[in-house]
Every structure is written in structure tokens, then in C-alpha cells.
Amino acid sequence: MMIEVLRIGQRIIRDDRVTTHVALVARAFGASKIFMTEVNPEIKETIKKINKTWGGNFVVEFIDSWRTIAKKKRKENFKIVHLTMYGESINDTQKELSKEENLLVVVGAEKVPREIYEFAHYNVSIGNQPHSEISALAILLDRIQKGEQFKKDFSRGRRKIIPTKKGKKVLVKETRD
Ligand code: SAM
């Protein structure tokens, strides 16, 4: 399954930390790309450094219009999944979502344009209480991939963790630069 993430919506005060965390969750939970608007350009550098250290080639793309990307992805046969507390329960939709081949997961910031509810193939709630785009994204990605995302190989990283019961075990690759 190919999963990409689109973060939309404006904030009165830009919250770069939350945006970075949305990107980190997308990367660590098996998505291959995130599209975002109105962000600090440093976020791209942060993710680049993470890829270099921990592997993989997760992509951050800055965009001007969420509509253009969403339309393009629809044409490329992606199903659009909008995460919203008003949507259908993840408990009732996860089975169908797991069968899809390409997903564009849309998460909001503060204000979400009304139009997206109509545009999405699925409006999905992770419970019907307000919480956060970070948690909603993590739970959706885990439910639809059933933990398989953690088996994904993050290739060409400088560091690789060997899980242990206690302490920290990290394999460090020798590099010349
Ligand atoms: N009242 C806002 C709205 O217009 O939807 C909520 C904004 S919330 C801080 C930011 C984003 O987190 C939402 O746009 C949605 O993507 C996600 N989110 C928050 N709670 C959720 C829930 N219970 N289920 C699914 N997504 C949720």
C-alpha cells in the first residue's frame, strides 16, 4: 500500500513543532511522503537529517494549494481519507481502508475547509472527541497496516537500533564524511 499525507488548514499562530511531529509520525508509520502548506522551511532540513541518520527516503513537499494536490492524487487513483472527529468510526472503516492500494491521508490544523468533507472518499474519526492530528494520524496508520509498518526497512541509515529489554543498542555505520 502506498500512503501519502496532506496537511491542510491555517493556524493563527503557526505551530512548527506539531507540523514536524505530523511529518515524523507519517515517516515512522510507513507513509512515503507528506505535502504541507504554510510551514517553516527548516522542517525540510529536519526531516532530511532524520533520513540521513535513521534511513529511508521520506519526502517533504511544500505546496501552495491543497486542492491542486488532492485533485492530482484522485486522478492518480489515490483514495482520499480525511481525518475528522465528525467522520465514520475507524472501527467500521479500517477493514475497507486496509484493502485500498493508494491512500492520501488528509489531516487538518485549526480550520479545515468545508469542501474537503465532500471531496474525500472517506471521512474517518478516531473517536468522536477532539484531540490531535498527530495522534489521529498515528492511530489510522497503525489500524490500517496492523503493525506491519514497523517491519519496514529504512535503508541507508547511519544508525540502526537493535531492540533490547534494557539499555540502548545502536549499530553505527562508518562513514567518510
Ligand atoms: N475543530 C477542528 C476542526 O475543524 O476539525 C479540529 C482541529 S484538530 C486540532 C486538528 C486535526 O486533528 C483535525 O483537522 C483532524 O484532522 C485531527 N483530529 C482531531 N481529532 C480527531 C478525531 N477525533 N478523529 C479524527 N481526526 C481528528
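**Points about the layout of surface pockets**
Part 1: Estimated volume of the largest pocket: approximately 510 Å³.
Part 2: Going through the elements one at a time, α1 (16–28), β7 (159–161) and β8 (170–172) are the ones with two or more residues in the lining of the largest pocket.
Part 3: Broken down by element, the lining of the largest pocket gets its largest block of residues, 3 residues, from β7.
Part 4: Across the lining of the largest pocket, the residue classes tally to 8 nonpolar, 3 polar and 8 charged.
Part 5: If you add up the space inside the second largest pocket, you get close to 410 Å³.
Part 6: In terms of lining residues, the second largest pocket is bounded by 22 residues, among which L83, T84, M85, A109 and E133 are the most central.
Part 7: Among the secondary structure elements, those contributing two or more residues to the lining of the second largest pocket are β4 (79–89), β6 (122–125) and α6 (133–145).
Part 8: Looking at the lining of the second largest pocket element by element, the count peaks at 5 residues for β4.
Part 9: Tallied by class, residues from the lining of the second largest pocket come to 11 nonpolar, 8 polar and 3 charged.

**Details of the side chain of T20**
Part 1: Within the element layout of this structure, T20 appears in helix α1.
Part 2: Sequence-distant contacts of T20, that is, excluding residues within four places in its chain, are made with I43 and T46.

**Some thoughts on the sheet that holds strand β3 (residues 59–62)**
Part 1: Strand order in the open sheet formed by 6 strands is β3-β2-β1-β5-β4-β6, with parallel pairing between adjacent strands. Strand pairing shows two members of the sheet lacking a second neighbour, β3 and β6, which therefore form its edges. When strand polarity is set aside, the average angle formed by the axes of neighbouring strands in this sheet is 30°.

**Points about α1**
Part 1: Here α1 contains 13 residues, and its C-alpha end-to-end distance of 18 Å stays within 8% of the 18 Å for a straight helix at 1.5 Å per residue.
Part 2: On the buried face of α1, the contacting elements are β1 (2–7), β2 (33–36), α2 (42–54), β5 (102–107) and α6.

**Remarks on the environment of A109**
Part 1: Turning to its location among the elements, A109 is positioned in the loop between β5 and α5 (115–119).
Part 2: With 32 residues separating them along the chain, A109 and N77 place their C-alpha atoms 25 Å apart.

**Here's the deal with the site of the ligand**
Part 1: Near the ligand there are 18 residues, and of these L83, A109, I126, G127 and Q129 occur at the shortest range.
Part 2: I126 places a main-chain nitrogen or oxygen 2.9 Å from a nitrogen atom of the ligand.
Part 3: The contact in question runs from a nitrogen atom of the ligand to an N or O atom on the backbone of G127, over 3.1 Å.
Part 4: Computed on the free molecule, the ligand has an accessible area of 560 Å², of which 82% lies beneath the protein chains in the complex.
Part 5: Here the ligand is seated within the second largest pocket.

Reading guide: rules and limits
- Residues numbered from 1 in each chain as written.
- Predicted model: local features only at pLDDT ≥ 70, side-chain atom pairs only at ≥ 80, totals over all residues.
- Heavy atoms only, no water.
- 1 Å grid on protein atoms, 1.4 Å probe; cavity = no way out; pocket = protein on both sides within 12 Å on 5 of 7 lines; lining within 4 Å.
- Points joined across faces, edges and corners; volume = space filled by probe spheres on them.
- Helix = DSSP H or I, 4+ residues; strand = E, 2+ residues; numbered from the N terminus.
- Nonpolar A, V, L, I, M, F, W, Y, C, P; charged D, E, K, R; others polar.
- Contact = heavy atoms within 4.5 Å.
- Pairing = 2+ DSSP bridges.
- Axes fitted to C-alpha atoms, helices over the stretch in contact; angles between N-to-C directions.
- Expected span 1.5 Å × (residues − 1).
- Near = heavy atom within 4 Å.
- Polar contact = N/O pair within 3.5 Å; in protein donor to acceptor, adjacent residues only side chain to side chain.
- Areas by Shrake-Rupley, 256 points an atom, 1.4 Å probe, with all protein chains shown as cover.
- Sits in = over half its atoms within 2 Å of the grid points.

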